Amino acid sequence: MLPDLPVALAGLKELATDLRWTWSHAADALWQQVDAELWGKTENPYVLLQNVGHNQLQALADNPDFCHKLQEVLIERQDYLARCGWYGDSYPQASIRHIAFFSMEYGLGTALPFYAGGLGILSGDILKAASDLCIPLVGVGLLYHQGYFRQMIDADNRQHEIYTTYQPSMLPVRPVFTELGDWLQVKVDLPGRPLLLRVWVAQVGSVSLYLLDSNHPLNSPIDQGITSQLYGGGQELRFLQELVLGVGGWRALEALKVEIDVCHLNEGHAAFVILERTHSLMKATGLSFWPSLWINRAGTLFTTHTSVASAFDTYDAALIARYASPLIERLQIGEEELLGLGRKNPQDAREPFNLAWFSMRCSLFANGVSRKHGETSRDLFRELYPHWPVRDIPIGHITNGIHMPSWDSQWTDSLWTKAAGKERWKGDIDELASAINQISDQELWHCRNRQRQDLIEHVRKRHVRELSQRGADKLTLDRAERVLDPNILTLGFARRFTEYKRPGLLLMDLSRLAALLNHPVHPLQILIAGKAHARDSAGKAFVHDWAQFCQSPAAGNRVIFLEDYDITLAHDMVQGVDVWLNTPKPPWEACGTSGMKVLVNGGLNLSVLDGWWAQAYDNQYGWAICGDSDSDEDTSRALFELLETDVVPLFYQRNSAGVPGEWIARIRASMADLTPHFSSNRMLRDYIDQYYLKAAVAYQARLANRGQLATELREWEHTLQRYWCELRWGAKRVVPNPAGFTLEVDIYLDGLSPDLIEVQLYADAQIYADVQQKDAAEPECLIMKLLGYKRGAIDSYTYRTEVLTARPSDDYTPRAIPFHEHALTPQENCLISWWQSA
Ligand SMILES: *Cc1c(COP(=O)(O)O)cnc(C)c1O
């Protein structure tokens, strides 16, 4: 909560509670004037206003110049909020009322520490970009009292996990009040007790983020702690948090009367919203569970972020059953029916309830987060679509992007502004590439140097603070104040410390590493940061090894491990480093976003070809670490080789003006071509075009007339189910011709109307001897034409198609699949029947 301000300064409250200050610098000069020291220390207007003295506030209120500037900033804010924006301009007729974005974590800035890593940062960036593009989106999440752990390294270089307690009154969030002026609370039924949740809101420009809080005095002490730690506790706590997010989140939106067309599930964590929303639809339409689920599904999008099946959340049936009884009662379905939705084989009672399977079954659209991850995901989810080729598995991809204005530096902000204007991230981004070409080599290089210098200044301060906390002596502290060199090539590696990220590759050959660091003319310096999960002993060992190495003589004071990797540190690093290193073990990196953050700042990527880099890489932009990806030794060798023979020499190769021309050429190409493409701006536009608009239309169509279409679809599903096992294929006749062949096939449908199915002729992608061509090959799928009844037979039909091809007819197989113009196959109905000779 903020103190009472003099009337003339009331607008400061408005500014301080809008997290737009995490990316817009319009008000920076004001805050600087309010209290330069507090501003310099925190860059957090909310904390600043809470700590500034009354006399100072009074003085500012009496200062006409300050009040005038405040007015200007407030007008800028009003204009920002009143825009029609990219979305309004591009889709004036679009009928999306709201998109509800559900996520367990949000990384909006250090001021609101409700994130653990990449997933949260992504969610935060999505809200910010939605605000910039004027997309009608609201966020739903949890208000954590302890959040994620803070990392401390002790004098023996071991990681400790520290939990800080955050008072909501100290955070830039407000309670949400009902029309009657009561603090909004929603209820989730738990066995034998209600769980009360208070609702808070964080303002992110024009986007509201609603946060649920179980710390309510009427809950039991244990229930009060449900929203305490992010990814703390065991399975049961995790389940309860997910129940709060999904069920509580939906109830809060209903209480607030926010009309939602699309629910976007960021990971399976939010899956329980499906059940609560279905219940709302049952009440609204008077329909039973299944047709209501058909309505709901149309308005649901599921984004998966994992690359391995073991990372999906699963719960024992017993745990679900224990908590689900109130839900099951309201939904009027059987327990096994519900559990079946989360199982590969719904009938298999031994299978646990898998949130990914459940989310997939209940969404109209699903996507992975990079091109490669789309492929990986189609493979992972294949088991839900038996007998379908992997290419048909209904998971697309939208590659993640980052909110550039949140990650650029003051130096690159002014470069980009000069080249492309202030509004560059609020609309079309197609022209940005050419804008960067107006900037001279000198300017780019100057900017890089300034950024490296800033980084080193910040690192020194941070490092001194950390060392004093560890009880370091004066000599060590003095040395830390002068550590690193602003003229040396600077490499950054910061990410979660866990085995698949392979943080230890550079430590696999210490003499080679020492030689790089201490090279007499071409030295290298390295910044390392990352937390290991409390229970990840391998990850913790990597932390220890790096922290230990930093102190060894071989490191020559040119490697620093920085504690407590967070948004602030990420911010400093991605702005200042020359090269960003990433070494995941393919195919584990679903996307990775940290490397995108250096693009806007002129940093270059040096990474294994996995996640986003597999689709972005070209040697004009940066480097690909090749080698046998299954072997850490081999990858480590490839990394050293690249550094020694390519990366390091190129940086020091200067032209007559003292500028590394080739290096700058890469910076320019990477900034121009990659930055727009890997922005959250592009990502959200993709979400709108590929999913949100279509989902909203489908949802409204199925909901209209009390769910008439959904009822029809449910019956369609039933009918197909009943007849499908009676389908029988008849003879297949091929008549060759010079251009290919004509194929006819008979099929017996029992009582099923041919209107409900489609018969297709399918051929796998051709196998070419030439590997290059294989990538380009696509399967073929032709719709066969119904000729009519098969002569002299009952319920049998003949289909025909002409195929223009050089391929043999044996490559092609007829198949029957469900068809309805308002349903997606196989996403919503995965029946399939392949031709077999009778
Ligand atoms: C961007 C970011 C991440 C995600 O980075 P990856 O590339 O997925 O490792 C994690 N933590 C912080 C603090 C970040 O800023």
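Quick notes on the rules
- Residues numbered from 1 in each chain as written.
- Predicted model: local features only at pLDDT ≥ 70, side-chain atom pairs only at ≥ 80, totals over all residues.
- Heavy atoms only, no water.
- Helix = DSSP H or I, 4+ residues; strand = E, 2+ residues; numbered from the N terminus.
- Expected span 1.5 Å × (residues − 1).
- Buried < 20%, exposed > 50% of the residue type's maximum accessible area, 1.4 Å probe, protein only.
- UniProt positions renumbered as here; feature names shortened; annotations may be inferred.
- Contact = heavy atoms within 4.5 Å.
- Salt bridge = Lys/Arg side-chain N within 4 Å of Asp/Glu carboxyl O.
- Phe/Tyr/Trp six-rings, centres within 6.5 Å; stacked < 30°, edge-to-face > 60°.
- Pairing = 2+ DSSP bridges.
- Axes fitted to C-alpha atoms, helices over the stretch in contact; angles between N-to-C directions.
- Parallel < 35°, antiparallel > 145°, perpendicular 65-115°, else oblique.
- Left-handed = near helix turned anticlockwise from the far one by under 90°.
- Nonpolar A, V, L, I, M, F, W, Y, C, P; charged D, E, K, R; others polar.
- Right-handed = clockwise from strand over helix to strand, strands pointing away.
- Domains from an automatic or database assignment.
- Buried area = accessible area lost by both parts, 1.4 Å probe.
- Polar contact = N/O pair within 3.5 Å; in protein donor to acceptor, adjacent residues only side chain to side chain.

### Examining helix α11 (residues 273-285)
For α11, which comprises 13 residues, the first-to-last C-alpha distance of 18 Å matches the rise-based estimate of 18 Å (1.5 Å per residue) to within 8%. Counting buried positions along α11 gives 11 out of 13 residues, so the element sits mostly inside the fold. Count one or two residues on from α11 and you reach G286, which has phi positive near 75°.

### Some words on the UniProt feature "domain: DUF3417" (unreviewed entry) in the protein
Here, UniProt's "domain: DUF3417" (unreviewed entry) annotation points to residues 5-112. End C-alpha to end C-alpha, residues 5-112 measures 23 Å, and it is 56% helix and 6% strand.

### Some points on the UniProt feature "modified residue: N6-(pyridoxal phosphate)lysine" (unreviewed entry) in the protein
Under the local residue numbering, the UniProt record ascribes the feature "modified residue: N6-(pyridoxal phosphate)lysine" (unreviewed entry) to K597. Following the sequence through the fold, K597 ends up in helix α25 (residues 594-599). Residue K597 is classed as buried on the basis of its relative accessible area, which comes to 4%. Discounting chain neighbours no more than four positions away, the residues touching K597 are I121, I402, W407 and V574.

### Describing the pattern of salt bridges
Evaluated as defined, the whole model comprises 53 salt bridges. Across the pair D578 and R452 runs a salt bridge whose closest N-O atoms are separated by 2.9 Å. With D578 in the loop between α24 (567-576) and β20 (579-582) and R452 in helix α20 (residues 441-469), the pair connects residues that are 126 residues apart, well separated along the chain. For the pair formed by D578 and R452, the shared burial category is buried. When the shortest N-O distance is used, the salt bridge between R714 and E717 registers 2.8 Å. Taken together, the residues span about one helical turn, with R714 and E717 both in helix α29 (residues 680-724) at a distance of three residues. Each member of the pair, R714 as well as E717, is classed as buried.

### What to know about the packing of aromatic side chains
Working definition: an aromatic ring pair is given by the centre-to-centre distance plus the angle between the planes. Considering all chains together, one arrives at 34 aromatic pairs under this definition. Between Y148 and F149, the ring centres sit 4.8 Å apart and the planes meet at 40°, which makes this aromatic pair tilted. Each member of the pair, Y148 as well as F149, carries the same accessibility label: buried. Ring centres of W546 and F549 lie 6.1 Å apart, and the angle between their planes is 85°; on these two criteria the pair is classed as edge-to-face.

### Section: the sheet that holds strand β23 (residues 728-737)
Taken together, four strands build an open sheet; the order of strands is β23-β24-β28-β27 and the sheet is antiparallel. Of all strands in the sheet, those with a lone pairing partner are β23 and β27 (785-789), marking the two edges. For this sheet, the mean angle separating the axes of adjacent strands, direction not counted, is 20°. One ladder, built from four bridges, connects β27 with strand β28 (residues 796-804); its direction is antiparallel. Within the sheet, the bridge partner assigned to G788 lies in β28 and is T798.

### Quick word on the packing of α20 against helix α21 (residues 474-481)
Two packed helices can be described by the angle between their axes and the distance between those axes. Where α20 meets α21, the axes come as close as 8 Å, and the angle between the chain directions of the two elements is 165°. Relative to α21, α20 is oriented roughly antiparallel. Crossing angle aside, the handedness with which α20 passes α21 is right-handed. Contacts between α20 and α21 involve R460, H463, V464, L467 and S468 from the first element and T476, L477, A480 and E481 from the second. Across the contact of α20 with α21, the residue classes break down as four nonpolar, three polar and two charged.

### Here's the deal with the pairing of strand β8 (residues 185-190)
Side chains V186, V188 and L190 project from β8 onto a buried face, and the interleaved Q185, K187 and D189 project onto a face without burial. Where β8 lies against strand β9 (residues 193-204), six bridges are found, and the strand directions are antiparallel. Among the inter-strand pairings, D189 is bridged to a residue of β9, identified as P194. Here β8 folds back onto β9, and the loop between the two strands holds two residues, one of which, G192, carries a positive phi near 75°.

### Some thoughts on the sheet that holds strand β29 (residues 812-818)
If you trace the four strands from one edge of the open sheet to the other, you get β26-β25-β29-β30, paired in antiparallel fashion. At either margin of the open sheet sits one strand with a lone partner, and together these are β26 (780-783) and β30 (833-834). Direction of pairing for strand β25 (residues 757-763) relative to β26: antiparallel, over a ladder of four bridges. Counterpart to L761 in the pairing with β26 is L782. Set on the sheet, α29 makes contact with β25, β29 and β30; between it and β29 the angle comes to about 130°.

### What to know about the side chain of K426
You can see K426 is positioned in the loop between α18 (410-420) and α19 (432-436). Note on K426: relative accessible area 18%, which makes it buried. Those residues in contact with K426 that lie beyond four places of it in its chain are Y80, R83, W86, D132, L133 and N681.

### Some points on the pairing of strand β18 (residues 524-529)
With six of its six residues buried, β18 lies for the most part within the structure. Burial along β18 is two-sided: L524, I526 and I528 facing one way and Q525, L527 and A529 facing the other are all buried. In terms of strand pairing, strand β17 (residues 489-494) meets β18 through six bridges, oriented parallel. Residue pairing for β18: L491 is matched across the bridge by I526. In the classification by handedness, the crossover that spans β17, the intervening helix α22 (residues 510-517) and the parallel β18 is right-handed. As judged from the four bridges shared by β18 and strand β19 (residues 559-562), these two strands associate in the parallel manner. Among the inter-strand pairings, I528 is bridged to a residue of β19, identified as F561. In the classification by handedness, the crossover that spans β18, the intervening helix α23 (residues 537-551) and the parallel β19 is right-handed.

### Notes on the domain arrangement of the protein
Looking at the assigned domains, one finds that the protein contains domain 1 (7-82), domain 2 (98-397), domain 3 (410-678) and domain 4 (727-834). In this structure, domain 1 and domain 2 have C-alpha centres spaced 35 Å apart. Taken together, the contacts link 13 residues of domain 1 with 18 residues of domain 2. Each partner contributes to the roughly 1,200 Å² buried at the junction of domain 1 and domain 2, and carbon and sulfur atoms together form 60% of this total. One can count zero salt bridges joining domain 1 with domain 2. Counting every contact that joins domain 1 to domain 2 gives seven residue pairs in polar contact (both at pLDDT 80 or more). The set of elements that each furnish at least two residues to the side of domain 1 that touches domain 2 consists of α4 (45-51) and α6 (64-82). Classifying every residue of the side of domain 1 that touches domain 2 gives seven nonpolar, four polar and two charged.

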